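# Chain and residue survey
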Amino acid sequence: MKTKAVLSVEDVQKINAAAVAEASANGWNVCITIVDDGGHALSLYRMDGAAPSTAMMSLGKAQTSAVGRRESGAFEEMINGGRFAFLSAPNTAMLEGGVPIIVDGNVIGAVGVSGVKSAQDAQIARAGIAAVTGA
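In this text, all values refer to a predicted model and were calculated from it rather than measured experimentally. (Residues numbered from 1 in each chain as written. Predicted model: local features only at pLDDT ≥ 70, side-chain atom pairs only at ≥ 80, totals over all residues. Heavy atoms only, no water.)

### With respect to the nonpolar core
Just so we agree on the cut-off: By convention a nonpolar core is built from buried Ala, Val, Leu, Ile, Met, Phe, Trp, Tyr and Cys residues, the set being connected through side-chain atoms within 4.5 Å. Summary of the burial criterion: residues with accessible area below 20% of their type's maximum are buried, those above 50% are exposed, and those between are partly exposed, where the area comes from a 1.4 Å probe applied to protein chains only. Secondary structure is summarised from DSSP: a helix means a run of H or I of at least four residues, a strand means a run of E of at least two, and numbering begins at the N terminus for each. Residue contacts are defined here by distance: any two heavy atoms, one from each residue, within 4.5 Å place the two residues in contact.
In terms of nonpolar packing, the biggest core is built from 20 residues, with Leu7, Val30, Ile32, Ile101, Val111, Val113 and Ile124 touching the most fellow members. Of all elements in the fold, only α1 (9-25), β1 (31-36), β3 (98-103), β4 (106-114) and α4 (118-133) reach the threshold of two or more residues within this core. Sequence-distant contacts of Ile124, that is, excluding residues within four places in its chain, are made with Ala19, Glu22, Ala23, Trp28, Val30, Ile32, Val113 and Val116.

### Focus on helix α3 (residues 72-80)
Put simply, the test is: The arc in question is formed by the directions pointing from the helix axis toward the C-beta atoms.
Those residues of α3 not exposed but buried are Ser72, Gly73, Phe75 and Ile79. All buried residues of α3 project into a common sector of 155° when viewed along the axis, lining one side. Where α3 is buried, its residues contact α2 (53-68) and β3. Of the residues flanking the end of α3, it is Gly82, one or two places downstream, whose phi is positive at about 110°.

### Some thoughts on the packing of α1 against α4
Basically, it comes down to this: To define axes, lines are fitted to C-alpha atoms, for helices over the stretch in contact only, and angles between the resulting N-to-C directions are given on a 0 to 180 degree scale. Here roughly perpendicular refers to angles of 65 to 115 degrees, roughly parallel to angles under 35, roughly antiparallel to angles over 145, and oblique to all remaining angles. Each crossing gets its handedness from the near helix: less than a right angle anticlockwise from the far helix is left-handed, clockwise is right-handed.
Two numbers describe how α1 lies on α4: the axes approach to 7 Å, and their chain directions differ by 140°. What the angle tells us is that α1 and α4 run oblique. Handedness of the α1/α4 crossing: right-handed. Along its contact with α1, which presents Asp11, Lys14, Ile15, Ala18, Ala19, Glu22 and Ala23, the element α4 presents Gln123, Ile124, Ala127, Gly128, Ile129, Ala131 and Val132.

### Brief notes about unusual backbone geometry
The phi dihedral of Arg69 falls on the positive side, at around 60°, and the residue is not glycine. Of note, Arg69 is situated in the loop between α2 and α3. A positive phi angle, close to 55°, is found at Asp104, a residue other than glycine. With respect to the helices and strands, Asp104 occurs in the loop between β3 and β4.

### Observations regarding the sheet that holds β3
Which entries qualify depends on this criterion: Here the rule is simple: two strands pair whenever DSSP picks up at least two bridges between them.
Judged by pairing direction, the sheet is antiparallel, and its four strands sit side by side in the order β2-β1-β4-β3 without closing on themselves. For this open sheet the edge positions go to β2 (41-46) and β3, each flanked by a neighbour on one side alone. Strand-to-strand twist in this sheet, taken as the mean axis angle between neighbours without regard to direction, amounts to 15°. Pairing of β1 with β4, which is carried by six bridges, proceeds in the antiparallel orientation. Across the sheet, Ile32 pairs through a bridge with Val113, a residue of β4. Along the sheet, α1 makes contact with β1, β2, β3 and β4, crossing β1 at roughly 155°.

Structure follows, in structure tokens:
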């Protein structure tokens, strides 16, 4: 039987705090969502000034990343590269800004961020993840 790491409440709090710190340091108002490996929300934090739509977008990016087992931006690149069939995939937000949390080669969750440019969203997500993985 295999065993794998899972996100604890403490992990989620560390990820969120580091992501908020990264966003705040850059003056960005975003929504940060953390999900487990099945895409189920563990935390959603919408900063003051972030648009209401960012809550839905950050959740979608996180779910797409967790269930798709890769950064959500990879799907955006495939579609932009001509793989239009991905538009019918059941993923909800195939835009950059969702980053998987990988431990020992297993995706154990993901962070989705929405509110600024897509590359900046991903930067915030990676900063949060680094707080628990060191990567």
